[in-house]
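Okay, here's what each chain looks like letter by letter:
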Amino acid sequence: MSSVPAISVEQLGKRYLLGHQARPDTLRDSLAEGARGLLRRWLRGAAREEREEFWALRDVSFDVARGEVVGIIGRNGAGKSTLLKVLSRITEPTSGRAVIRGRVASLLEVGTGFHPELSGRENIFLNGAILGMTRAEIAGKFDEIVAFAEIERFLDTPVKHYSSGMYVRLAFAVAAHLEPEILIVDEVLAVGDAAFQKKCLGKMDAVARHEGRTILFVSHNEAAVAAMCGRVALLESGRLVAFGGVADVLQRYRSSWQEALALRIATPWLAWAGLLNRSELEARRGGEDMEFRFRLRGGTRSLADVEIDCALVNERGEMVVHSRSRHLAQTHRIPANAAVDVVYRVRQPNLAPGNYSLTVYVRDREQELLWVDDIPACRVLPTSALFPEVPYLGDARGATLPAFTLRLESAPEAAAS
Amino acid sequence: MPPVETPAELILEAGRESRHYWRDLWRYRELLGFLAWRDIKVRYKQTTLGVAWALLQPLVTMGIFSFVFGVLAGMGRNDPTYPLVVMAGVLPWQLFAATLNGASGSLVANSHLVSKVYFPRLIVPLSAFGVALVDFSVVLALYAAMAAWFGAWPGIRILLLPGFVACALLIALGAGLWLTALTVKYRDFRYIVPFMLQVGLFLSPIGFRTDVLPNWRDLLALNPMTGVIDAFRWCLLGAPEEFYWRGFATSMGVGLTLFVTGLWYFRRTERSFADVI
C-alpha cells in the first residue's frame, strides 16, 4: 500500500581491518605487538601502523518495497553475507546507513542454536526463541512445525541421534513458520533434500505473495532466484553493480564471469591470448566431451620442455578437474614471437550443472611462465545426455554428475551357525 | 512475534547507540529464559552424578575449611557449629564462583549464536544466572539440612537473604562482563578466571569470621565478596552479631563500581563482537 520502502540502504559500507600478521589472539601477543610497535616508531620515526583495509561492502544503495522478494547474487566474497549480517544487526556498518521498517527475522543458518543433547521438542522451542518467536507463538504452531518436519515419532529423542536429513528438516520447519514482516535468508536452502527444499521455497513464496511479506534472499541457485524474486541485486567485490529485473541481472551475472580473468603469474616470455571457443561452451549438456581452445603468445625467446596444467573450477571455488601434460608424459615447444593454440579436450568430464572457470598454468624446466585463473569457460545446463529421462538436474549437489547405476539385490541370508 | 509494538523504523548506522537497547533486552527476556533453561537442562543431563556433583564441591570445601580454620587454627574451639559457619560462607562463594565462571565464558561458548543472530548480547552472560541459581538452591537445601542437624535455625533475618543473593549476583556479573568481553578479544583471559577464583577462595572470609580479625576487617572488605559473606552469616546464623555496616558499604561500593564499569565496557565493545569472535 504505502510507498515507503520496507528496506532502504544508503551508501552502506563495511570495512574490516586485516592485521599484517594474524590478529593477536592473546593479551600477551597484543602487548608484545604494542611494544614492538613503539620500538619501531622510536627507531624509524612515526611510521603509521600498517593495517590493511578491506571493504567487504562499499557504497551499496538500494530500496526494497514492502511485499517484494529480492534476490542477492554474486560470486564468493562479493559481500552478500556481509550485507545480510549488517541488515540483520549482527554487525555494524562502517559507513552509510540502512533503514528497516517492520519486524525483521533473519535466517543465516539452519538450526542456529540447536543443542545435540536436547530433544526435538526442546530444540523447537529453543530455536524458535533464538529466531525471535515467543513461547506462545511456538506453542501455537508446534503441531504444524512437527508435521512439516515429519519427525513425530522422534520428538522426544535427543537430536544428536537424528539423521542429518531429519535434523535439517526440523530446523527448516521451525524457520518456515517464522512470521516476520521482513525475512532475510542466506543460502540456507543449499542444504536439505530437493523435495524438502521445494516445500520450503513454496511455503516462503506463498507467504510472500499472500501475506505481503518482504523477503531478501541470497542464493547461488539461479533457478530458485528466477522462480521467486521480483528483482535481483548483483554484488561484485562489495559493490552493487546491478539491481533490476531477474532476466537482465542474471544475464549480467553470467557475463560477469567473462570479465573476471585473473593473471596470477605473468612473464615476458608467454602471454595469455584468450579462450577461442567460448561461445561453443556457453550451453553444454553434461555427459558430453568438452574441448577448450585457447591461444598463448610466445615472447622473445623460444621455450622448450614446456608443461601445461589445465583445471576446471566450479562456482564454489572447488577444482573439479585438474589435468597435467606431465601425466601424458608430454612436454611442448613454443617458438619465439609466435602464437600457439592449445587444444585441451576432456572426455566426458560429467560436470554438474553450473558455471565453470578455467585455470591455465604453464612452466618450463627453470621457471613458471604463466598462471591465469578464473577464465570464464563454460556453462553446463541442468540436463545431461547421461540422464535423458530427466529434464532438470539442478538439484545435484556433487561436483560431478557421472553415469551410474543403482540396483537392489536380494541379500543372501547369513548362514546359521 | 514479540509482544511489544516494534519501532516503526530501525536505523542501522555506524556508532549509533541502539536507542531501544533496554527495551529490546526486555523483549528478548524469553530468549534469556530459554538459554538459561538450556544450560540447566544440559548440565543435569550430561553429568551422571547430577545433583551429587553440585553438592560435592561445597561439601569438600566446607570439610577442608572447617578442619583448617576450625581445628588447626583453633577458631572453632568453643563453637560446635563451626561447620555451619563455614557453610554459610561457602554458600555465597559458590554462587559467586558459578556465576562468574558461567558469565565469563558465555560469549565464546555461544559464539555460533553471536555470529548468526541478533539479540542484545547482554542476554548471554545474564543467562549464566540460571545454572548458578539452581546449584545454589541445591546447596541451600544442604545448608538447611545442616542447620536442622545442628539445631541452629535462622531467625527472621533470613527474609533479607534474597537481597544478599542479588548482591552476590551483581558482583559476579560485573566481573563476568569484564571478563567475557575481554575473552572475545583476548582468548587468554579465560585462564584468569580459575586463577582469580582460587585466589578469591583464600582472600574471602570463607573459613573464618571477619569479626575475629577487627584490625583487618576494613581491608578485607575491599574484596566485594567479604561484605556479602558477612551478610549471609548475619542472615543465616541467627547469632546476635551486629551488622557491620562499614564493611558492607565498602564491599558494595567496590562491587557496584565493578558492575557499572563492566557494563560500560561490555556495551562499548558489544557492537564488534560478531566481527572478532
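Residues numbered from 1 in each chain as written. Chains lettered and ligands numbered in written order. Predicted model: local features only at pLDDT ≥ 70, side-chain atom pairs only at ≥ 80, totals over all residues.

Student: Even after reading the chapter, I still don't get the overall build of chain A, so can you show me in this structure?
Tutor: Helix and strand counts for chain A stand at eight helices and 19 strands. The buried share of chain A, taken over its 417 residues, is 35%. Long-range pairs, those at least 24 residues apart, make up 75% of the contacts in chain A between residues at least 6 apart in sequence. (Helix = DSSP H or I, 4+ residues; strand = E, 2+ residues; numbered from the N terminus. Buried ≥ 20, exposed ≤ 12 C-beta atoms within 10 Å, placed from the backbone. Contact = placed C-beta atoms within 7 Å.)

Student: Would you take a moment to explain the overall build of chain B for this structure?
Tutor: When its secondary structure is counted, chain B shows 13 helices and one strand. Each helix (α) and strand (β) of chain B, taken in turn from the N terminus, gives the series β-α-α-α-α-α-α-α-α-α-α-α-α-α. Radius of gyration (C-alpha) of chain B: 20 Å, near the 19 Å computed for a compact globule of 277 residues. Expressed as lengths along the three principal axes of its C-alpha atoms, the size of chain B is roughly 70 × 40 × 40 Å. When contacts within chain B are restricted to residue pairs at least 6 apart in sequence, long-range pairs at least 24 apart make up 80% of them. (Rg over C-alpha atoms; globule rule 2.2 N^0.38 Å.)

Student: When you look at the pairing of strand β13 (residues 290–298) of chain A in this model, what are you seeing that I'm missing?
Tutor: Note on strand geometry: in a regular strand, side chains alternate between the two faces of the sheet. All names here are of chain A. The alternating pattern of β13 places Met290, Phe292, Phe294, Leu296 and Gly298 on a buried face, while none of Glu291, Arg293, Arg295 and Arg297, on the opposite face, is buried. Bridge count for strand β11 (residues 270–275) against β13 is four bridges, and the pairing is antiparallel. By the bridge assignment, Trp272 is partnered in β13 with Leu296. Here eight bridges tie β13 to strand β17 (residues 339–346), and the two strands are oriented antiparallel to one another. Bridge pairing links Glu291 to Arg345 in β17. (Pairing = 2+ DSSP bridges.)

Student: In this structure, what is going on with the interface of chain A and chain B? I would like to understand it.
Tutor: Where interface size is given, it is often the accessible area lost as the parts come together that is meant. Contacts between the two partners involve 39 residues from chain A and, on the opposite side, 32 residues from chain B. Among the elements that make up the side of chain A that touches chain B, the one with the highest residue count is strand β4 (residues 95–100) of chain A (five residues). Of the residues assigned to the side of chain A that touches chain B, the class counts are 15 nonpolar, 11 polar and 13 charged. (Nonpolar A, V, L, I, M, F, W, Y, C, P; charged D, E, K, R; others polar.)

Student: Got a minute to help me understand the nonpolar core in this structure?
Tutor: If you look at soluble globular proteins, the nonpolar side chains tend to sit buried side by side. Formed by 149 residues in total, the largest nonpolar core has its most connected members in A:Phe217, B:Ala168 and B:Ile171. If one sorts the elements of this core by residue count, helix α4 (residues 82–109) of chain B sits on top with 16 residues. Look past the residues within four positions of B:Ile171 in its chain and what remains in contact with it is B:Phe96, B:Pro224, B:Met225, B:Val228, B:Gly255, B:Leu258 and B:Phe259. Counting residues in each nonpolar core, the second largest holds 27 residues, with A:Val313, A:Leu351, A:Leu369 and A:Leu370 among its members. (Core = buried A, V, L, I, M, F, W, Y, C linked by C-beta atoms within 7 Å.)

Student: Please explain the packing of helix α3 (residues 120–130) of chain A against helix α4 (residues 135–149) of chain A as it appears in this structure.
Tutor: Residues and elements named next belong to chain A. Interaxial distance between α3 and α4 falls to 10 Å at its minimum, and their mutual angle equals 130 degrees. Classed by the angle they form, the pair α3 and α4 counts as oblique. Note that α3 runs across α4; the crossing there is right-handed. Taking contact as the criterion, the partners of Ile124, Phe125 and Gly128 in α3 are, on α4, Arg135, Ile138, Phe142 and Ile145. Its residues assigned to classes, the contact of α3 with α4 shows five nonpolar, one polar and one charged. (Axes fitted to C-alpha atoms, helices over the stretch in contact; angles between N-to-C directions. Parallel < 35°, antiparallel > 145°, perpendicular 65-115°, else oblique. Left-handed = near helix turned anticlockwise from the far one by under 90°.)

Student: Hey, could you run me through the sheet that holds strand β5 (residues 104–107) of chain A in this one?
Tutor: The pairing of strands in a sheet happens through backbone hydrogen bonds and is either parallel or antiparallel. Residue and element names in this part refer to chain A. Strand order in the open sheet made by the six strands is β5-β6-β7-β3-β8-β9, with mixed pairing throughout. Where the open sheet ends on each side, the last strands, each with one partner, are β5 and β9 (239–245). Strand-to-strand, the axes of this sheet are offset by a mean angle of 15 degrees, without reference to chain direction. The pairing of β5 with strand β6 (residues 182–185) spans four bridges and is classified as parallel. Residue pairing for β6: Ser106 is matched across the bridge by Ile184.

Student: Even after reading the chapter, I still don't get α4(A), so can you show me in this structure?
Tutor: For an α-helix, the turn length of 3.6 residues means that residues three or four places apart are oriented alike. All names here are of chain A. Where α4 bends most, the angle comes to about 55 degrees, and this point is Lys141. Along α4, the residues that are buried comprise Ile138, Lys141, Ile145, Phe148 and Ala149. In this structure, the buried side of α4 is in contact with α3 and α5 (164–176). Residue Glu150 follows α4 closely and has a positive phi angle near 55 degrees. (Bend = angle between axes of the 7 residues up to and from the residue.)

Student: Looking at this structure, how should I read helix α3 (residues 51–72) of chain B?
Tutor: All names here are of chain B. With 22 residues, α3 ought to run about 32 Å at 1.5 Å a step, and its terminal C-alpha atoms sit 31 Å apart, in line with that. What α3 keeps buried is the set Ala54, Pro58, Thr61, Met62, Phe65, Ser66, Phe69 and Gly70. Buried residues along α3 sit in contact with α4 and α7 (128–150). Taken from the residues just after α3, Gly74 is the one with a positive phi, measuring 75 degrees. (Expected span 1.5 Å × (residues − 1).)

Student: When you look at the sheet that holds β17(A) in this model, what are you seeing that I'm missing?
Tutor: Residues and elements named next belong to chain A. The three strands lie next to each other as β11-β13-β17, forming an open sheet whose pairing is antiparallel. Edge positions in the open sheet fall to β11 and β17, since each of these has one partner strand only. Across the sheet, the mean angle separating the axes of adjacent strands is 30 degrees when strand polarity is ignored.

Student: Can you help me understand unusual backbone geometry in this one?
Tutor: Outside of glycine, negative phi angles account for most residues, and trans bonds account for most peptide bonds. All names here are of chain A. Look at Asp305: it is not a glycine, yet its phi comes out positive at around 50 degrees. Mapped onto the elements of the fold, Asp305 is located in strand β14 (residues 303–314). Residues other than glycine seldom take positive phi values, yet Gln348 does so here, at roughly 40 degrees. Along the chain, Gln348 turns up in the loop between β17 and β18 (354–363).

In short, geometric facts, not functional conclusions.
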